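# Structural overview for review
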Amino acid sequence: ETGVTQSPTHLIKTRGQQVTLRCSSQSGHNTVSWYQQALGQGPQFIFQYYREEENGRGNFPPRFSGLQFPNYSSELNVNALELDDSALYLCASSPRRAGETQYFGPGTRLLVL
Amino acid sequence: DQQVKQNSPSLSVQEGRISILNCDYTNSMFDYFLWYKKYPAEGPTFLISISSIKDKNEDGRFTVFLNKSAKHLSLHIVPSQPGDSAVYFCAANAGGTSYGKLTFGQGTILTVHP
């Protein structure tokens, strides 16, 4: 069974640029959630995708957007990058059943200069 | 508005002793709680969970206790091992339409000394 994978592992961008992060969900999981973890904080929910549609969103501006593909993999896009977007971006997958646990990938470390 | 709080930023324990990590929450809609462990440069690893219909769940050295009236949960690790040294996060989920949207605490750094 393949776990959650993310790419790239690290990324450096400059303010104002755009970035795309990628996630492959664990086998058998059809739901993908994205989280942002700033230094010294717990992960914060960005949004979730289920069957290729956004299924809830946290307190993040519209320049954070996403996609889910038929194979359940997902992308997180961030436009007009700001310095505060520097963080670890985590993807988690889960089967869409009540009480199921989310399993996290290793994350993508984004640095905005 | 921090709905899940881990008030102890760090905890230091001797190998073989018990580690107790605490977590408080404010949202009474939370009905599923999880503990994750995180090593540097890795994603959070699931440890143990508990549904609000239970007050205790055990898995090997890890036990989670839930006190709904106090809106408090704790993770007990017995016996603690040096390999348990990591950041521990508690997380909560409200179920229903918010399924899968975990709310995390700030984390507690556990250090287990040999």
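Residues numbered from 1 in each chain as written. Chains lettered and ligands numbered in written order. Predicted model: local features only at pLDDT ≥ 70, side-chain atom pairs only at ≥ 80, totals over all residues. Heavy atoms only, no water.

### Some words on the overall build of chain A
Per the secondary structure count, chain A includes 0 helices and 11 strands. Counting from the amino terminus, chain A carries its helices and strands in the arrangement β-β-β-β-β-β-β-β-β-β-β. The principal-axis extent of the C-alpha atoms belonging to chain A is close to 40 × 25 × 25 Å. Of all 113 residues assigned to chain A, the portion counted as buried reaches 48%. Considering only contacts in chain A between residues 6 or more positions apart, those separated by 24 or more positions represent 53%. For chain A, the accessible surface area stands at approximately 5,500 Å², while carbon and sulfur atoms represent 47% of it. If the 9 positive side-chain charges of chain A are averaged to one point and the 9 negative ones to another, these points end up 3 Å apart. (Helix = DSSP H or I, 4+ residues; strand = E, 2+ residues; numbered from the N terminus. Buried < 20%, exposed > 50% of the residue type's maximum accessible area, 1.4 Å probe, protein only. Contact = heavy atoms within 4.5 Å. Areas by Shrake-Rupley, 256 points an atom, 1.4 Å probe, with all protein chains shown as cover. Lys, Arg positive; Asp, Glu negative; His and termini not counted. Charge placed at Lys NZ, Arg CZ, Asp CG, Glu CD.)

### Examining the interface of chain B and chain A
Counting from both sides, the interface comprises 18 residues of chain B and, opposite them, 26 residues of chain A. Interface of chain B and chain A: buried area, both sides summed, is about 1,600 Å²; carbon and sulfur atoms make up 56% of it. Inspection of the chain B/chain A interface yields 0 salt bridges. At the junction of chain B and chain A, the tally comes to 4 residue pairs in polar contact (both at pLDDT 80 or more). Among the elements that take part in the side of chain B that touches chain A, strand β4 (residues 32–38) of chain B stands out by supplying 4 residues, more than any other. (Buried area = accessible area lost by both parts, 1.4 Å probe. Salt bridge = Lys/Arg side-chain N within 4 Å of Asp/Glu carboxyl O. Polar contact = N/O pair within 3.5 Å; in protein donor to acceptor, adjacent residues only side chain to side chain.)

### Focus: the packing of aromatic side chains
Applying the stated rule across the entire model yields 14 aromatic pairs over all chains. Where A:Phe60 meets A:Phe64, the ring centres are 5.1 Å apart and the plane angle is 65°; that geometry is what we call edge-to-face. Across the pair, exposure class does not vary: A:Phe60 and A:Phe64 are buried alike. Taken together, a centroid distance of 5.8 Å and an interplanar angle of 45° make the contact between B:Tyr36 and B:Phe104 tilted. Of the two residues, B:Tyr36 is situated in strand β4 and B:Phe104 in strand β10 (residues 103–104); the sequence distance between them amounts to 68 residues. Like B:Tyr36, the residue B:Phe104 is buried in the burial classification. (Phe/Tyr/Trp six-rings, centres within 6.5 Å; stacked < 30°, edge-to-face > 60°.)

### So, the pattern of salt bridges
A pair can form between side chains of opposite charge whenever their charged atoms are brought close. Residues and elements named next belong to chain A. Per the stated rule, a full pass over the model turns up 6 salt bridges over all chains. Between glutamate 54 and arginine 57 there is a salt bridge; the shortest N-O distance is 3.2 Å. Here aspartate 85 makes a salt bridge to arginine 63, at a shortest N to O gap of 2.8 Å. Note that aspartate 85 is positioned in the loop between β8 (74–78) and β9 (87–94) and arginine 63 in the loop between β6 (53–57) and β7 (64–68), a separation of 22 residues in sequence. As far as the burial class goes, aspartate 85 and arginine 63 line up, both buried. Among the ionic contacts, a cluster of salt bridges with common partners joins Arg63, Glu82 and Asp85.

### Comments concerning the nonpolar core
Among the nonpolar cores identified, the biggest contains 23 residues, and B:Phe33, B:Trp35, B:Leu73, B:Leu75 and B:Tyr88 are the most heavily contacted of them. Of all the secondary structure elements, the ones that give two or more residues to this core are β3 (19–25), β4, β5 (45–51), β7 (62–67), β8 (72–77), β9 (86–93) and β11 (108–113) of chain B. For this core, the element with the highest residue contribution is β9(B), accounting for 4 residues. Setting aside residues up to four positions removed in sequence, B:Tyr88 forms contacts with B:Gln6, B:Leu21, B:Trp35, B:Tyr36, B:Lys37, B:Leu47, B:Leu75, B:Ile77, B:Gly107, B:Thr108 and B:Leu110. In this structure, A:Leu21, A:Leu76, A:Leu81 and A:Ala87 belong to the second largest nonpolar core, which totals 19 residues. (Core = buried A, V, L, I, M, F, W, Y, C linked by side-chain atoms within 4.5 Å.)

### Remarks on the sheet that holds strand β3 (residues 19–24) of chain A
All names here are of chain A. Spatially, the 4 strands line up as an open sheet ordered β1-β3-β8-β7, and their pairing is antiparallel. Pairing within the sheet leaves two strands with one partner each, and these edge strands are β1 (5–7) and β7. With direction set aside, neighbouring strand axes in the sheet form an average angle of 20°. With 5 bridges connecting them, β3 and β8 associate as antiparallel partners. What sits directly across from valine 19, in β8, is valine 78. (Pairing = 2+ DSSP bridges. Axes fitted to C-alpha atoms, helices over the stretch in contact; angles between N-to-C directions.)

Geometric values such as these leave the question of function open.
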